[in-house]
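Tertiary structure, described
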Amino acid sequence: MEPCARWQPEVSVLGEHVGEAHRGYGHARARMGAAVTRHVTIRCSSSAALADEEFTNRGKHSDCQFHLAWWRCCNRSLSAVSAGFGRVTVRRLDQVLGAAKLKTLLARDQPGLFAAIGELDWYSGSHRQWIDDLDIRACGRVLEVGCATGTLTSYLADTGYRVTGVDRSDDMIRRGRSDHPELDLSVGDAMMLPYEDDAFDAVIAASVVNVVDDAGAVLTEMHRVCAPGGTVSMLVPSASFTNEDFDTLLEKLGLTGFSQAALTKWHGSAPKMGRSQIETLFRSAELELADTHSYLDGMAIAATASARPD
Ligand SMILES: C[S@@+](CC[C@H](N)C(=O)[O-])C[C@H]1O[C@@H](n2cnc3c(N)ncnc32)[C@H](O)[C@@H]1O
């Protein structure tokens, strides 16, 4: 098995003991065979590790570094390799590989990224709770703006709503149609929604209003296509959620790997909105803010209004 030429990033994991390097390498070799271990380089600083020529002395520090340069190309289960490492190292390996997966998807496969994030418990759980809290009228027509690959759209359909998803990205919609052929998903711009006035009973958007060029235009459009008395709601990362809050949440959820990397990225990179900003935004769209609700211990905030009567 040859390494994939396009897969360059090197994954490094710091282990605490030289013994772990030996044990881990031995297990990896036993489980995965030469085809894999040929490409696994374990470097560590201790002379005790130099017995094997594939261990390279790194000199100064006392940790070990495991370099699994092309793990993604391996057809066999990565967990078979990681199972051979010490407990601490396995956890770190999991974290590093989680971060590497996130980085790769971000750079090369954004639809794949959103499909994967949509499967995570903390993400899908908070989004589903938001939908359930909205109490949209039974069997109502719902538009999800910025639906990406349709994960939440699919939940809305399963819940019994007549649902339509729209997203500006061709790639997202193509992946969404492939994953959920039963859904009505279309390419369209949230700032110029391709629907008639009053066409839906609820119009929702998760993590969209905070990333668009003109949030006021998007909310105004969401209002326009919502029938009088219907529900307009958006969920965005909250500006009042601090780094300390994040640490507490992370510990409480006990996440590892990709799930942890995704939550960390969402906290660190997604544009956030504060309450006063949201109030101003709703006013600009002639919506009266009726309710705000926090999810993920305050990490996300949902803001909801009733569409005005004609
Ligand atoms: C951060 S993602 C959120 C996706 C999904 N709602 C979720 O919660 O996982 C933002 C989504 O909004 C879409 N988007 C951004 N600007 C848009 C626009 N002007 N009109 C429609 N969709 C847009 C992007 O293509 C992307 O799928």
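A quick note: this is a predicted structure, and the numbers were derived from the prediction, not measured.

Attention shifts here to the overall build of the protein. If you tally the helices and strands in the protein, you get 12 helices and 11 strands. In the protein, which comprises 310 residues, the share counted as buried stands at 38%.

A few words on the sheet that holds strand 10 (residues 288-295). Read across the open sheet, the 7 strands follow the order 7-6-5-8-9-11-10; overall the sheet is mixed. What marks the edges here is a single partner per strand, and that holds for strand 7 (184-187) and strand 10. Strand-to-strand twist across the sheet, computed as the mean angle between neighbouring axes with direction ignored, equals 20 degrees. Of the strands in this sheet, strand 6 (162-167) and strand 7 are in contact with helix 8 (residues 170-179), which crosses strand 7 at around 165 degrees.

Secondary-structure assignment places V208 in the loop between strand 8 (200-206) and helix 9 (215-224). Using a count of 22 C-beta atoms within 10 Å as the deciding quantity, one classes V208 as buried. Spatially, the C-alpha atom of V208 lies 8.8 Å from that of C147, the residues being 61 residues apart in sequence. When neighbours within four sequence positions are excluded, V208 is seen to be in contact with V145, G146 and A190.

Looking now at unusual backbone geometry. Note on backbone geometry: most residues besides glycine have negative phi, and most peptide bonds are trans. Its identity is not glycine, yet A148 carries a phi of approximately 50 degrees, on the positive side. On the secondary structure map, A148 appears in the loop between strand 5 (141-145) and helix 7 (151-159). On the neighbour-count criterion, A148 (27 C-beta atoms within 10 Å) is buried.

A few words on helix 11 (residues 257-269). Its 13 residues place the ends of helix 11 18 Å apart at the C-alpha level, agreeing with the 18 Å of an ideal helix rising 1.5 Å per residue. Taken together, the buried positions of helix 11 are occupied by F258, S259, Q260, A261, A262, L263 and H267.

Between helix 5 (residues 110-118) and helix 8, the shortest axis-to-axis distance is 9 Å and the interhelical angle comes to 50 degrees. By the angle class used here, helix 5 and helix 8 are oblique. The chirality of how helix 5 crosses helix 8 is right-handed. Contact residues: helix 5 offers Q110, P111, F114 and A115, while helix 8 offers D171, M172, R175 and D179.

V142, V145, V203, A205, V209, L219 and M222 are the most contacted members of the largest nonpolar core, which has 61 residues in total. With 6 residues, strand 8 is the single largest residue contributor to this core. Beyond its immediate chain neighbours, meaning those up to four positions away, M222 contacts V145, V203, A205 and V232.

Bringing the confidence of the model for the protein into the picture now. For the protein, per-residue confidence averages 77 on the pLDDT scale, and residues scoring 70 or more make up 69% of the total. Across residues 31-91, confidence stays below pLDDT 50; counting only partners more than four residues off in sequence or on other chains, it has 111 contacts.

With 5 of 6 residues buried, strand 6 lies mostly within the body of the structure. Bridging between strand 5 and strand 6 involves 5 bridges; their strand directions are parallel. Bridging across to strand 6, V145 finds its partner in V166. Regarding the hand of the β-α-β motif, the stretch spanning strand 5, helix 7 and strand 6 is right-handed. As paired strands, strand 6 and strand 7 are joined by 4 bridges and run parallel to one another. In the strand pairing of strand 7, G165 is matched with L185. This β-α-β element, strand 6 to helix 8 to strand 7, shows right-handed connectivity.

In this structure, E221 sits in helix 9. Measuring from C-alpha to C-alpha, the distance between E221 and M191 comes to 6.3 Å, with 30 residues separating the pair along the chain. Contact partners of E221, with chain neighbours within four places excluded, come to A190, M191, M192 and L193.

The pairing of strand 10 with strand 11 (residues 300-306) spans 7 bridges and is classified as antiparallel. The residue bridging T292 from the neighbouring strand is A303, located in strand 11.

The rules we used
- Note on numbering: residues in each chain are counted from 1, in written sequence order.
- Totals for whole chains, interfaces and linings use every residue, but because this is a predicted model, local features are given only for residues with pLDDT of at least 70 and side-chain atom pairs only at 80 or more, for both listing and counting.
- Counting from the N terminus, the helices are the DSSP runs of H or I reaching at least four residues and the strands are the DSSP runs of E reaching at least two.
- Counting other C-beta atoms within 10 Å of its own, a residue is labelled buried from 20 upward, exposed at 12 or fewer, and partly exposed in the gap between, with every C-beta atom placed from the backbone.
- Criterion used throughout: strands pair if DSSP finds at least two bridges between them.
- To get an axis, fit a line to the C-alpha atoms, keeping to the stretch in contact for a helix; angles then go from 0 to 180 degrees between the N-to-C directions.
- Two residues qualify as being in contact provided that their C-beta atoms, derived from the backbone, are within 7 Å of each other.
- For a helix, the expected span equals 1.5 Å multiplied by the residue count minus one.
- Any angle from 65 to 115 degrees is called roughly perpendicular, while one under 35 is roughly parallel, one over 145 is roughly antiparallel, and all others are oblique.
- For a crossing to be left-handed, the near helix must be turned anticlockwise from the far one by less than a right angle; the clockwise case is right-handed.
- Note on terminology: a nonpolar core is a set of buried residues of type Ala, Val, Leu, Ile, Met, Phe, Trp, Tyr or Cys, with members joined through C-beta atoms within 7 Å.
- Each residue carries a pLDDT score, the predictor's own confidence in it, on a scale running from 0 to 100.
- When the strands point away from the viewer, a crossover counts as right-handed if the path from the first strand over the helix to the second runs clockwise.

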